[in-house]
Every structure is written in C-alpha cells, then in structure tokens.
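Topology and contacts: notes
Listed below are the residues making up each chain.
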Amino acid sequence: MKPIRFALLASLTAAPLLAQETREMDAHVHGVSTLELAIEGEIIEINLMSPGMDIVGFEYAAGTDADKDKVEAAIRTMLLPENVIALPKAAGCRLTEVLAHLHAGGHDDDDDHDEGHDKDHDEATDEHMDEHMHDEGEDHDHAEGAAHSEFHARYIFACVQPEDLGTIGFPFFERFENAQKIEAHYVTATGAGAVEIDRSVAELTLE
C-alpha cells in the first residue's frame, strides 16, 4: 500500500497554524515529538517521529550492549501500537501495517523493524519510511555533522467505522517518561488541522 502521508503534508501547507512558523530539517527539540495523521476512506495512517533523548535517554549512536538493548526494547515497544496510540473501539480498526526504526546520524540504524500484519501481528514485510521530519520549538540546533537520533513509527489501520474516529488517546506518554509534547498535524475528509498534545491532555480530537 502506498503511504498517504504525502497528501497529508501537501494539504497542511495552507493551514494557518503552519503558516505562522518555519520548520527546519536540521533542528529538533528534546521532549517534543511530531505526529502526522491522515484518514482516507477506511484507512488511517499515523506517523510518529520522536527524538532519541525522549525514547531512550540519549541521542548518540548506541555503542555499548546496554545502549543497544535500550534501542531494541524501545523499537519493540513501538511495534505494538497499543503502547503508543489508542483508537476508539467503536471505529472497529484493524492494524494492517506497522513500522518502527531508529534514524541515527544521517543514516538508518541497523535496528530497523518493519511489519505488515493484522491485529494478531502474524505477518511480516520489508518496507522503510522514505523521509523524516524534525520539529522546532525552543531551538535545539546541531552542529553540521553532529550525530543525533530520531525514532520513527508508522501505523496503518483499516477501520470499519472511520466516522467514529473522533478522539485518539496517547499511552505513548506513559511508556516514554521523557516525552513531554506531541505536535500533531492531521488531515481528514472534512479538513486539516494542527494541535499540540501534552501529558495533561494526552488525546487528539479530530474535527
């Protein structure tokens, strides 16, 4: 299935909230993740990008066995969508594809995992996300060539009642204590929007 995130990004270009700020590819903020969500017919695709510091507590390339274990554990956690997002049961959504990997220092880390499967997680595929995105708030600039890492996760669901996708929860904050905020951008059949999600109200309400 071809990802629909390109349509999401194109639609958000004209969104008033995004027009007020400039985003750079070489800067991100610790504590701030970026979420891209698109609903097209019965399909919902969710892409999450989080700084390594928020997920495992460091951004340098994992060198020790302990650090590698943290990265592997984080990826395994993110491969289970229920650890990151909570869709309304009324929508009747079935997971069809999931990806989780670490992008580090300008290249994809060896610990990449990409699975396409139903709700029982019983099949596997080999696809990779083709681009990444950094967020900017309180600027955290990296010197040219400096290594930093970012975790990417993608979830695709087929939903029987997509009209019931009104509010989406984020157990993500419970799993990753360093994560403080998610800058969410979404596109639905009725329009596009951008909203900030934090620990105090860990949910996204679609309009």
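Residues numbered from 1 in each chain as written. Predicted model: local features only at pLDDT ≥ 70, side-chain atom pairs only at ≥ 80, totals over all residues. Heavy atoms only, no water.

Each disulfide is one covalent bond, formed between the sulfur atoms of two cysteines. Scanning all chains against the criterion turns up 1 disulfide. Put simply, Cys93 and Cys159 are joined by a disulfide, and their sulfur atoms are 2.1 Å apart. Note on the Cys93 and Cys159 pair: the S-S dihedral is about 105 degrees, so by sign convention the disulfide is right-handed. Remark: Cys159 occurs in strand S6 (residues 149-159) and Cys93 occurs in strand S3 (residues 93-104); sequence separation between them is 66 residues. With respect to burial, Cys93 and Cys159 carry one shared label: buried. (Disulfide = S-S within 2.5 Å. Helix = DSSP H or I, 4+ residues; strand = E, 2+ residues; numbered from the N terminus. Buried < 20%, exposed > 50% of the residue type's maximum accessible area, 1.4 Å probe, protein only.)

The subject of this paragraph is the pairing of strand S8 (residues 181-188). Each regular strand displays side chains that alternate between the two surfaces of the sheet. The buried fraction of S8 is high, at 7 of 8 residues. Pairing of strand S1 (residues 32-40) with S8 involves 7 bridges; the strand directions are parallel. Considered in S8, the bridge of Ser33 is made with Ile182. Pairing of S8 with strand S9 (residues 191-198), which is carried by 8 bridges, proceeds in the antiparallel orientation. Across the sheet, the residue bridging to Ala184 is Val195, located in S9. As consecutive antiparallel partners, S8 and S9 are separated by 2 residues. (Pairing = 2+ DSSP bridges.)

In this section: the confidence of the model for the protein. Mean pLDDT over the protein: 77, with 65% of residues reaching 70 or higher. Contacts for the low-pLDDT stretch residues 4-27, under 50 throughout, to residues beyond four places or in other chains number 46 contacts. (pLDDT = per-residue confidence, 0-100. Contact = heavy atoms within 4.5 Å.)

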